[in-house]
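What follows is the residue order along each chain.
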Amino acid sequence: MTEPGPRTAPSRVRADIAHNARVWNHWLGGTDNYPVDRVVGDRVTGMYPSIGEVARADRAFLGRAVRHLAGDAGIGQFLDIGTGLPTAENTHEVAQHTAPDARVVYVDNDPIVLAHARSLLTSSPEGATEYIEADARDPERILRAAGRTLDLRRPVAVMMLGILNFVLDTDEARAVVTTLMGALPPGSHLVLTHPTLELGGEGNEAAMRFWNENATPPITARSRSEFSSLLDGLEILEPGIVSCSRWRSGPSPRTPEVAQFGAVGRKP
(Lines give C-alpha, C1' and ligand atoms only; values in the text may rest on other atoms or scores of the structure.)
Protein backbone atom coordinates (compact mmCIF):
# COMPACT_ATOMS: atom_id res chain seq x y z
CA MET A 1 0.00 0.00 0.00
CA THR A 2 1.35 3.43 -0.91
CA GLU A 3 1.65 6.12 1.70
CA PRO A 4 -0.94 8.90 1.40
CA GLY A 5 0.37 12.29 0.43
CA PRO A 6 1.19 14.35 -2.64
CA ARG A 7 3.14 12.42 -5.27
CA THR A 8 5.71 15.17 -5.67
CA ALA A 9 6.44 18.19 -3.55
CA PRO A 10 6.63 21.58 -5.26
CA SER A 11 10.12 22.99 -4.92
CA ARG A 12 9.10 25.53 -2.24
CA VAL A 13 7.30 22.98 -0.08
CA ARG A 14 8.99 21.76 3.09
CA ALA A 15 7.99 18.18 3.79
CA ASP A 16 9.96 18.12 7.06
CA ILE A 17 7.69 20.47 9.02
CA ALA A 18 3.94 20.28 9.45
CA HIS A 19 1.91 22.92 7.62
CA ASN A 20 -1.61 24.04 8.41
CA ALA A 21 -3.17 23.43 5.00
CA ARG A 22 -1.92 19.85 4.92
CA VAL A 23 -2.76 19.08 8.57
CA TRP A 24 -6.24 20.50 8.05
CA ASN A 25 -6.54 18.23 5.03
CA HIS A 26 -5.57 15.29 7.26
CA TRP A 27 -8.21 16.22 9.85
CA LEU A 28 -10.81 16.32 7.08
CA GLY A 29 -9.82 12.81 5.99
CA GLY A 30 -7.83 13.85 2.91
CA THR A 31 -4.59 12.38 1.58
CA ASP A 32 -2.80 15.54 0.41
CA ASN A 33 -0.40 15.55 3.34
CA TYR A 34 2.97 14.19 4.45
CA PRO A 35 3.99 11.93 7.36
CA VAL A 36 5.05 14.94 9.45
CA ASP A 37 1.59 16.47 8.99
CA ARG A 38 -0.10 13.29 10.19
CA VAL A 39 2.23 12.95 13.18
CA VAL A 40 1.64 16.54 14.33
CA GLY A 41 -2.06 16.39 13.48
CA ASP A 42 -2.52 13.22 15.49
CA ARG A 43 -0.60 14.68 18.44
CA VAL A 44 -2.88 17.72 18.38
CA THR A 45 -5.90 15.41 18.23
CA GLY A 46 -4.58 13.54 21.23
CA MET A 47 -4.38 16.78 23.19
CA TYR A 48 -7.57 18.29 21.80
CA PRO A 49 -9.82 15.42 20.61
CA SER A 50 -12.51 17.66 19.12
CA ILE A 51 -10.20 19.30 16.56
CA GLY A 52 -11.59 17.07 13.81
CA GLU A 53 -15.09 18.24 14.73
CA VAL A 54 -13.86 21.84 14.46
CA ALA A 55 -12.52 21.20 10.96
CA ARG A 56 -15.75 19.56 9.82
CA ALA A 57 -17.93 22.24 11.45
CA ASP A 58 -15.90 24.99 9.79
CA ARG A 59 -16.39 23.34 6.41
CA ALA A 60 -20.11 22.90 6.95
CA PHE A 61 -20.39 26.55 8.02
CA LEU A 62 -18.78 27.57 4.72
CA GLY A 63 -21.46 25.69 2.82
CA ARG A 64 -24.35 27.23 4.77
CA ALA A 65 -22.93 30.75 4.51
CA VAL A 66 -22.26 30.52 0.78
CA ARG A 67 -25.68 29.05 0.06
CA HIS A 68 -27.32 31.90 1.96
CA LEU A 69 -25.23 34.57 0.25
CA ALA A 70 -25.58 33.18 -3.28
CA GLY A 71 -29.28 32.52 -2.74
CA ASP A 72 -31.17 34.74 -0.30
CA ALA A 73 -28.66 37.62 -0.36
CA GLY A 74 -28.18 37.54 -4.14
CA ILE A 75 -24.39 37.80 -3.96
CA GLY A 76 -22.77 36.69 -7.21
CA GLN A 77 -19.09 37.31 -6.39
CA PHE A 78 -16.88 35.60 -3.81
CA LEU A 79 -13.32 36.35 -2.71
CA ASP A 80 -12.09 33.32 -0.72
CA ILE A 81 -8.88 34.20 1.15
CA GLY A 82 -6.96 31.36 2.77
CA THR A 83 -8.37 28.76 0.44
CA GLY A 84 -6.57 25.69 1.75
CA LEU A 85 -6.37 22.44 -0.16
CA PRO A 86 -9.34 21.58 -2.38
CA THR A 87 -11.87 19.19 -0.91
CA ALA A 88 -15.57 18.49 -1.38
CA GLU A 89 -17.98 21.42 -1.58
CA ASN A 90 -15.50 24.17 -2.36
CA THR A 91 -16.81 27.73 -2.45
CA HIS A 92 -17.30 27.83 -6.22
CA GLU A 93 -19.13 24.51 -6.23
CA VAL A 94 -21.58 25.63 -3.56
CA ALA A 95 -22.05 29.12 -5.02
CA GLN A 96 -22.50 27.98 -8.61
CA HIS A 97 -24.92 25.24 -7.59
CA THR A 98 -27.19 28.03 -6.32
CA ALA A 99 -26.18 30.76 -8.79
CA PRO A 100 -24.54 29.27 -11.90
CA ASP A 101 -23.16 32.66 -13.00
CA ALA A 102 -21.30 33.23 -9.71
CA ARG A 103 -17.69 34.36 -9.98
CA VAL A 104 -15.15 33.14 -7.43
CA VAL A 105 -11.55 34.14 -6.78
CA TYR A 106 -9.43 31.99 -4.45
CA VAL A 107 -6.37 33.35 -2.63
CA ASP A 108 -3.60 31.44 -0.87
CA ASN A 109 0.17 31.65 -0.54
CA ASP A 110 0.89 27.97 0.12
CA PRO A 111 2.77 26.44 -2.84
CA ILE A 112 1.10 23.07 -2.35
CA VAL A 113 -2.30 24.76 -2.65
CA LEU A 114 -1.05 26.37 -5.87
CA ALA A 115 -0.07 22.92 -7.11
CA HIS A 116 -3.67 21.80 -6.64
CA ALA A 117 -5.24 25.00 -7.93
CA ARG A 118 -6.41 23.36 -11.14
CA SER A 119 -9.00 21.56 -9.00
CA LEU A 120 -10.33 24.96 -7.99
CA LEU A 121 -10.49 26.36 -11.49
CA THR A 122 -13.40 24.32 -12.72
CA SER A 123 -16.49 26.43 -13.22
CA SER A 124 -20.01 26.39 -14.53
CA PRO A 125 -20.16 27.68 -18.13
CA GLU A 126 -21.95 30.80 -16.94
CA GLY A 127 -19.59 31.61 -14.06
CA ALA A 128 -15.85 31.96 -13.52
CA THR A 129 -13.18 30.90 -11.05
CA GLU A 130 -9.62 32.17 -10.62
CA TYR A 131 -6.73 31.57 -8.24
CA ILE A 132 -4.34 34.22 -6.89
CA GLU A 133 -1.10 33.43 -5.10
CA ALA A 134 -0.91 36.11 -2.41
CA ASP A 135 -0.57 36.56 1.32
CA ALA A 136 -3.62 37.57 3.38
CA ARG A 137 -1.47 40.32 4.89
CA ASP A 138 -1.32 42.05 1.50
CA PRO A 139 -4.94 43.10 0.90
CA GLU A 140 -4.04 45.75 -1.66
CA ARG A 141 -2.38 43.17 -3.90
CA ILE A 142 -5.33 40.82 -3.45
CA LEU A 143 -7.79 43.52 -4.46
CA ARG A 144 -5.77 44.49 -7.53
CA ALA A 145 -5.56 40.91 -8.73
CA ALA A 146 -9.16 40.04 -7.85
CA GLY A 147 -10.37 43.01 -9.86
CA ARG A 148 -9.38 41.18 -13.04
CA THR A 149 -12.14 38.61 -12.41
CA LEU A 150 -14.56 40.34 -10.04
CA ASP A 151 -16.36 43.64 -10.55
CA LEU A 152 -15.41 45.42 -7.34
CA ARG A 153 -18.06 48.05 -7.97
CA ARG A 154 -20.66 45.39 -7.17
CA PRO A 155 -21.12 43.54 -3.83
CA VAL A 156 -18.58 40.83 -3.02
CA ALA A 157 -18.60 38.23 -0.26
CA VAL A 158 -15.16 38.04 1.35
CA MET A 159 -14.54 34.60 2.87
CA MET A 160 -11.89 34.46 5.60
CA LEU A 161 -12.39 31.12 7.31
CA GLY A 162 -9.68 30.17 9.77
CA ILE A 163 -7.13 32.57 8.27
CA LEU A 164 -6.95 35.64 10.52
CA ASN A 165 -5.82 33.39 13.38
CA PHE A 166 -2.48 33.28 11.53
CA VAL A 167 -2.23 37.07 11.68
CA LEU A 168 -0.97 37.19 15.24
CA ASP A 169 -1.31 40.94 15.85
CA THR A 170 -4.97 41.88 16.29
CA ASP A 171 -4.44 45.44 15.05
CA GLU A 172 -2.92 44.06 11.86
CA ALA A 173 -5.79 41.60 11.44
CA ARG A 174 -8.29 44.45 11.81
CA ALA A 175 -6.33 46.53 9.29
CA VAL A 176 -6.50 43.71 6.74
CA VAL A 177 -10.28 43.51 7.11
CA THR A 178 -10.68 47.29 7.03
CA THR A 179 -8.69 47.55 3.79
CA LEU A 180 -10.61 44.77 2.10
CA MET A 181 -14.09 45.90 3.13
CA GLY A 182 -13.25 49.56 2.62
CA ALA A 183 -12.59 48.89 -1.06
CA LEU A 184 -15.94 47.15 -1.60
CA PRO A 185 -19.40 48.68 -2.05
CA PRO A 186 -22.36 48.53 0.34
CA GLY A 187 -24.06 45.15 0.30
CA SER A 188 -20.72 43.32 0.42
CA HIS A 189 -20.35 40.68 3.12
CA LEU A 190 -17.57 39.36 5.33
CA VAL A 191 -17.63 35.71 6.41
CA LEU A 192 -15.32 34.84 9.31
CA THR A 193 -14.39 31.87 11.46
CA HIS A 194 -11.74 31.96 14.16
CA PRO A 195 -10.55 29.66 16.97
CA THR A 196 -11.22 30.72 20.54
CA LEU A 197 -10.59 29.47 24.05
CA GLU A 198 -14.00 30.68 25.21
CA LEU A 199 -16.21 27.88 23.84
CA GLY A 200 -14.78 24.92 25.70
CA GLY A 201 -12.51 22.25 24.36
CA GLU A 202 -10.21 21.12 27.13
CA GLY A 203 -6.68 20.89 25.81
CA ASN A 204 -7.17 23.57 23.15
CA GLU A 205 -4.67 25.97 24.70
CA ALA A 206 -2.02 23.28 25.16
CA ALA A 207 -2.66 22.02 21.62
CA MET A 208 -2.11 25.50 20.18
CA ARG A 209 1.11 25.83 22.16
CA PHE A 210 2.29 22.46 20.81
CA TRP A 211 1.36 23.57 17.28
CA ASN A 212 3.37 26.78 17.54
CA GLU A 213 6.40 24.80 18.68
CA ASN A 214 6.16 22.10 16.00
CA ALA A 215 4.34 23.43 12.92
CA THR A 216 3.83 26.44 10.72
CA PRO A 217 2.43 29.04 10.52
CA PRO A 218 1.97 29.99 14.18
CA ILE A 219 -1.60 30.44 15.38
CA THR A 220 -3.47 32.48 17.97
CA ALA A 221 -6.91 32.25 19.54
CA ARG A 222 -9.06 35.34 20.08
CA SER A 223 -11.74 36.31 22.56
CA ARG A 224 -15.29 37.16 21.58
CA SER A 225 -14.55 40.88 21.93
CA GLU A 226 -11.43 40.59 19.75
CA PHE A 227 -13.33 38.58 17.16
CA SER A 228 -16.19 41.08 17.24
CA SER A 229 -13.74 43.92 16.59
CA LEU A 230 -12.88 42.32 13.24
CA LEU A 231 -16.49 42.99 12.22
CA ASP A 232 -16.58 46.64 13.33
CA GLY A 233 -18.75 48.78 11.06
CA LEU A 234 -20.66 45.80 9.65
CA GLU A 235 -24.21 44.66 10.33
CA ILE A 236 -23.86 41.19 11.86
CA LEU A 237 -26.43 38.78 10.47
CA GLU A 238 -28.51 36.62 12.77
CA PRO A 239 -27.76 34.61 14.85
CA GLY A 240 -24.77 36.87 15.55
CA ILE A 241 -21.40 35.63 16.79
CA VAL A 242 -21.79 31.96 17.70
CA SER A 243 -19.91 28.71 17.48
CA CYS A 244 -19.61 28.11 13.73
CA SER A 245 -21.37 24.77 14.18
CA ARG A 246 -24.49 26.62 15.34
CA TRP A 247 -24.67 29.30 12.65
CA ARG A 248 -28.03 28.64 10.93
CA SER A 249 -27.55 24.93 11.49
CA GLY A 250 -31.24 24.08 11.50
CA PRO A 251 -33.94 23.64 14.11
CA SER A 252 -32.08 21.22 16.39
CA PRO A 253 -30.98 22.93 19.62
CA ARG A 254 -28.61 20.04 20.33
CA THR A 255 -25.97 20.88 17.76
CA PRO A 256 -22.74 20.66 19.77
CA GLU A 257 -20.60 23.77 20.04
CA VAL A 258 -17.05 23.74 18.72
CA ALA A 259 -14.34 26.16 19.86
CA GLN A 260 -14.52 28.20 16.67
CA PHE A 261 -16.45 31.45 16.32
CA GLY A 262 -18.42 32.02 13.15
CA ALA A 263 -20.20 35.14 11.90
CA VAL A 264 -21.33 36.91 8.75
CA GLY A 265 -21.35 40.69 8.50
CA ARG A 266 -22.91 42.96 5.86
CA LYS A 267 -21.49 46.32 4.83
CA PRO A 268 -24.31 48.89 5.16
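Look up a bit, the structure's there.
In this report, the structure presented in the accompanying data block is examined. (Residues numbered from 1 in each chain as written. Predicted model: local features only at pLDDT ≥ 70, side-chain atom pairs only at ≥ 80, totals over all residues. Heavy atoms only, no water.)

**Examining the overall build of the chain**
Broken down by element type, the chain carries 9 helices and 10 strands. A compact globule built from 268 residues should have a C-alpha radius of gyration of about 18 Å, and the chain, at 18 Å, falls within 12% of that. In terms of overall dimensions, the chain has C-alpha extents of about 45 × 40 × 35 Å along its principal axes. Counting across all 268 residues of the chain, residues that qualify as buried make up 54%. Contacts in the chain between residues far apart in sequence, at least 24 positions, make up 73% of those at least 6 positions apart. Total accessible area on the chain is roughly 12,000 Å²; 50% of this is exposed by carbon and sulfur atoms. (Helix = DSSP H or I, 4+ residues; strand = E, 2+ residues; numbered from the N terminus. Rg over C-alpha atoms; globule rule 2.2 N^0.38 Å. Buried < 20%, exposed > 50% of the residue type's maximum accessible area, 1.4 Å probe, protein only. Contact = heavy atoms within 4.5 Å. Areas by Shrake-Rupley, 256 points an atom, 1.4 Å probe, with all protein chains shown as cover.)

**Topic: the packing of aromatic side chains**
Taken as a whole, this structure holds 3 aromatic pairs when the rule is applied. Centroid distance Phe61 to Trp247: 5.5 Å. Interplanar angle 75°. Geometry classified as edge-to-face. With Phe61 in helix 3 (residues 51-70) and Trp247 in the loop between strand 9 (242-243) and strand 10 (260-266), this residue pair connects regions lying 186 residues apart in the sequence. Residues Phe61 and Trp247 agree in their burial class; the two are buried. (Phe/Tyr/Trp six-rings, centres within 6.5 Å; stacked < 30°, edge-to-face > 60°.)

**Examining the packing of helix 3 against helix 4 (residues 91-98)**
Direction vectors running N to C along helix 3 and helix 4 enclose 35°, while the axes themselves pass 9 Å from each other. Helix-helix and strand crossings are classified by hand; for helix 3 and helix 4 the assignment is right-handed. Judged by residue contacts, Leu62, Gly63, Val66, Arg67 and Ala70 of helix 3 engage Thr91, Val94, Ala95 and Thr98 from helix 4. Split by residue class, the contact of helix 3 with helix 4 holds 5 nonpolar, 3 polar and 1 charged. (Axes fitted to C-alpha atoms, helices over the stretch in contact; angles between N-to-C directions. Left-handed = near helix turned anticlockwise from the far one by under 90°. Nonpolar A, V, L, I, M, F, W, Y, C, P; charged D, E, K, R; others polar.)

**Comments concerning helix 8 (residues 204-214)**
If you check which residues of helix 8 are buried, you get Asn204, Ala207, Met208, Phe210 and Trp211. Viewed along the axis of helix 8, the buried residues span an arc of 160°, placing them on a single side of the element. Facing away from the buried side of helix 8 by more than 90 degrees, the exposed set consists of Glu205 and Glu213. Against the buried residues of helix 8 lie strand 1 (18-19), helix 1 (20-27), helix 2 (35-47), strand 6 (189-195) and strand 7 (215-216). (Arc of directions from axis to C-beta.)

**A closer look at the side chain of Gln260**
Its location among the elements puts Gln260 in strand 10. Overall, Gln260 belongs to the buried group, its relative accessible area being 3%. Of note is the side chain of Gln260, whose polar atom sits 2.9 Å from the side chain of Asp58. If we skip the residues at most four places from it in the chain, Gln260 touches Val54, Asp58, Thr193, His194, Pro195, Thr196, Leu199, Val242, Ser243 and Cys244. (Polar contact = N/O pair within 3.5 Å; in protein donor to acceptor, adjacent residues only side chain to side chain.)

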